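The primary structure of each chain is shown beneath.
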Amino acid sequence: MKDTTHQVHQRAKQRRAKIHRKIKQMGLDAFLVTDEKNVTYLTGFTGDSSYLWLTSGDAILLSDFRYTTQIEEECPQLDTLIRDANQTTFNLVTQIAKTSKSKFIGIEPSCISKSVYDQIQSSVSGELVDTEGWVEELRAIKDKNEILTIRRSIQIAEKAFSVIRSQMTADQTERQIAHNLEHQIRAFGGSGCSFDPIVGIGPRAALPHGIPSIRRIEQDPFVLIDWGARYNGYASDLTRVLVTARIPPKLRKIHDIVLTAQLAAIAKIRPGVCMQKVDHAARSTIERAGYKKQFGHGLGHGFGLRIHETPFLSPINKGQLCPGMVVTIEPGIYLPGWGGVRIEDDILVTKDGCEVLSGLPKSLDECVIEL
Ligand code: ZN
Ligand code: ZN
């Protein structure tokens, strides 16, 4: 499953070629890539604190001593500059900018602080140009290998969930369930969770991004779990509600609305469809049921090297879905004091429609567990 260094190098080179072309088209001299996931995407190097200097034809990885060996292993073909102990990586940037006489330099402003921005600006003679989103745009369309890796990440997340589900006991706390999930994800070959799992029992399920507490399973009849695995750098992201006692009628009602909304949105997914329309399919279902204000977040998001990345499905995004995008669809209804329901699956946009990559049962009757 894991690629050879040569395959990683070839893919990174193809991705860089697209950025090289854009640098040329836009009349820039260089592009300083500072987002660490963008650096990984364009080089295969998985460490942090390193930047990539790209021109219309060249690429230089700027890093430090800690990563010398890792760079030799992960991207031996790439030109590299390792800073001295008494230098900062930005000293290297200034050095290259000066020697190459670069005038127009693209940067990613959201990845650097204002002071670093000012530092670069004052040390180069040219102009800084906003190139934010150039790499993210490429990252939004996954290649075959990325899709395989994401499939594996989802499989690991699902296997881990099935184990913790079968081992759930009345006295377990939200924190213990989160811990058990992480343990199982690692046991199945993941490198960890793709984010800190959200485990909300009863009323705590009303917190869309609640931090696991010491509330115990036996205190309420249901629990919401939002989790994901990380595998070879790639995330997965799923949510299910498990019922641990007799199904409360209110839970059945809310769950039915959310599931209907989710299926309506998934049914819309195909290349060329406006993301706003997909969001609307779910949102209008929830609105018609009278819970408009209780669904206050976007419908879903892309994921890959990061858990949240382009594209974002929301009521205002007029962008279109394209083949190769992988997105979550995760409508929810949250009622403070009572609880909440969110159902989240991972969907691949295919050439002529979509494929739901995640397959855990989601009808409420299939989510009942005996303690
Ligand atoms: Zn999630
Ligand atoms: Zn999500």
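Just so we're clear, the structure is a prediction, and the values are computed from it rather than from any experiment.

Criteria and thresholds
- Residues numbered from 1 in each chain as written.
- Chains lettered and ligands numbered in written order.
- Predicted model: local features only at pLDDT ≥ 70, side-chain atom pairs only at ≥ 80, totals over all residues.
- Heavy atoms only, no water.
- Helix = DSSP H or I, 4+ residues; strand = E, 2+ residues; numbered from the N terminus.
- Contact = heavy atoms within 4.5 Å.
- Donors = N, O, S within 2.8 Å, 3.2 Å for Na, K, Ca; no water.
- Tetrahedral: all angles 85-135°; square planar, octahedral: opposite > 155°, others 65-115°.
- Buried < 20%, exposed > 50% of the residue type's maximum accessible area, 1.4 Å probe, protein only.
- Pairing = 2+ DSSP bridges.
- Axes fitted to C-alpha atoms, helices over the stretch in contact; angles between N-to-C directions.

A. The arrangement of the environment of A206 in detail. Within the element layout of this structure, A206 appears in the loop between β8 (198–201) and β9 (222–227). Put simply, A206 and P336 are 130 residues apart on the chain and 5.5 Å apart in space, counted from C-alpha to C-alpha. For A206, the residues in contact, after removing those within four places along its chain, are Y334, L335, P336, G339 and G340.

B. Just the environment of A85, in detail. Along the polypeptide, A85 turns up in the loop between β4 (79–82) and α4 (89–99). Placed 16 residues apart in sequence, A85 and K101 show a C-alpha to C-alpha distance of 25 Å.

C. Spotlight on the coordination of the zinc ion (ligand 1). Here the zinc ion (ligand 1) is held by the protein donor atoms D226 (OD), D226 (OD), D237 (OD) and E344 (OE), which lie 2.0 to 2.5 Å from it. Classification of the site at the zinc ion (ligand 1) as irregular follows from its 4 donor atoms and the range of 55 to 151° in their angles at the metal. Counting gaps between the donor residues of the zinc ion (ligand 1) yields the pattern D-x10-D-x106-E. What makes D226 buried here is its relative accessible area of 3%.

D. Representation of the coordination of the zinc ion (ligand 2) in the model. Protein ligation of the zinc ion (ligand 2) involves D237 (OD), H301 (NE2), E330 (OE) and E344 (OE), the donor distances falling in the range 2.0 to 2.2 Å. Taken together, the 4 donor atoms surrounding the zinc ion (ligand 2) define angles of 78 to 148° at the centre, an arrangement classified as irregular. Linear spacing of the donor residues for the zinc ion (ligand 2) on their chain is D-x63-H-x28-E-x13-E. Between the zinc ion (ligand 2) and the zinc ion (ligand 1), a spacing of 3.2 Å is present, and a bridge between the two is formed by D237. Of this pair, E330 sits in the loop between β15 (326–329) and β16 (332–335) while E344 sits in the loop between β17 (339–342) and β18 (345–349), and the two are 14 residues apart along the sequence. Each member of the pair, E330 as well as E344, carries the same accessibility label: buried.

E. Inspection of the sheet that holds strand β3 (residues 59–63) at higher detail. Judged by pairing direction, the sheet is mixed, and its 6 strands sit side by side in the order β4-β3-β2-β1-β5-β6 without closing on themselves. Across the chains shown, the open sheet's two edge strands, defined by having one partner strand only, are β4 and β6 (127–130). Between one strand axis and the next, the sheet turns by 25° as a mean value, whatever way the strands run. Here strand β5 (residues 104–107) runs beside β6; their pairing, made up of 4 bridges, is parallel. Among the inter-strand pairings, G106 is bridged to a residue of β6, identified as V129. Sheet strands touched by helix α2 (residues 36–43): β1 (30–33), β2 (51–54) and β3. Its angle to β2, the strand with the most contacts, is close to 60°. Where α4 meets the sheet, it contacts β1, β2, β3, β4 and β5, and its direction lies at approximately 150° from that of β3.

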